[in-house]
Each structure stands twice: as structure tokens, then as C-alpha cells.
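# Coordinate inspection notes
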Amino acid sequence: MARILDIPINDIQRPLYRQNNPQRVEALMTSIAEVGLQHPIEVLEVDGQYYGFSGCHRYEACTRLGYQTIRCCVRRASRSVLQRHLA
């Protein structure tokens, strides 16, 4: 079962590099500044640590806007599930 939480951005590890589209990040920054983040990013919680694998443009936009936290859809997972995401 997933939970929606506001998590400190610095607590979310992003173990896979993703290339962001700069124009998309800029557009999201404008939208988020005007109306807020409409869709939470998805993170896995493994042993109390948070790992983000999606929502890279929203994450980058919120980071550039100086947000301290970001709304997340959190799913608990085992280490084996984390390893599959890293493979």
C-alpha cells in the first residue's frame, strides 16, 4: 500500500542518472511556482531510506525552486526489489 508524504528532498537518493529535458524542467518550474506540484513523485522506501526512480523532471524543478520537501507516493519495498530497479 502506498502513502503520500512530504519528504525532505535531501533525503531522497536518486541512484540512476537520468537526462532531463531543460525546457520541460523550466515549464514545470513555472507551473509548480504558480499552482504547486500536482502529481507526487514515486519513491521506494527500503530500510527507512528513500529511493527515487521516476519524476526526475518534477524533482529537478522543485530542487531548482528551492523546495525543502517534495510530495511523494511512497511504497515500502525489500532490498531485492531495490536491486531489480538498479539492474
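Residues numbered from 1 in each chain as written. Predicted model: local features only at pLDDT ≥ 70, side-chain atom pairs only at ≥ 80, totals over all residues. Heavy atoms only, no water.

### Some words on the environment of L82
As for its position among the elements, L82 is in helix 3 (residues 79–86). Judged by its relative accessible area of 2%, L82 falls in the buried class. In this structure the C-alpha to C-alpha distance between L82 and Q68, which are 14 residues apart in sequence, comes to 25 Å. Ignoring any residue separated from it by four or fewer positions in sequence, one finds L82 in contact with V46, Y51 and F53. (Helix = DSSP H or I, 4+ residues; strand = E, 2+ residues; numbered from the N terminus. Buried < 20%, exposed > 50% of the residue type's maximum accessible area, 1.4 Å probe, protein only. Contact = heavy atoms within 4.5 Å.)

### Topic: the packing of aromatic side chains
All chains considered together, the criterion is met by zero aromatic pairs. A cation over an aromatic ring shows up here: R14 above the ring of Y59, its NZ or CZ 4.7 Å from the ring centre. (Phe/Tyr/Trp six-rings, centres within 6.5 Å; stacked < 30°, edge-to-face > 60°. Lys NZ or Arg CZ within 6 Å of the ring centre and 35° of its normal.)

### Quick notes on the sheet that holds strand 2 (residues 12–13)
Across the sheet, which stays open at both edges, the five strands sit in the order 1-5-3-4-2 with mixed pairing between neighbours. Sheet topology places strand 1 (2–8) and strand 2 at the edges, where each strand pairs with a single neighbour. Taken together, the five bridges between strand 3 (residues 41–46) and strand 5 (residues 69–76) define a ladder with parallel strand orientation. Bridging from a neighbouring strand, I41 pairs with C72 of strand 5. Against the sheet, helix 2 (residues 56–64) touches strand 2, strand 3 and strand 5, its axis set at about 145 degrees to strand 5. With respect to the sheet, helix 3 is in contact with strand 3 and strand 4 (49–52), its orientation differing from that of strand 3 by roughly 130 degrees. (Pairing = 2+ DSSP bridges. Axes fitted to C-alpha atoms, helices over the stretch in contact; angles between N-to-C directions.)

### Quick notes on the pattern of salt bridges
Taken as a whole and judged by the stated rule, the model has seven salt bridges. A salt bridge links R3 to E45; the nearest nitrogen and oxygen atoms lie 2.3 Å apart. Placement of R3 in strand 1 and of E45 in strand 3 is noted, with a sequence separation of 42 residues between them. Take E45: its relative accessible area is 12%, and that puts it in the buried class. For the salt bridge of D6 with R71, the shortest nitrogen-to-oxygen distance reads 2.7 Å. On the criterion of sequence distance, the pair formed by D6 in strand 1 and R71 in strand 5 is long-range, its members being 65 residues apart. (Salt bridge = Lys/Arg side-chain N within 4 Å of Asp/Glu carboxyl O.)

Keep in mind that these numbers describe shape and distance, not what the molecule does.
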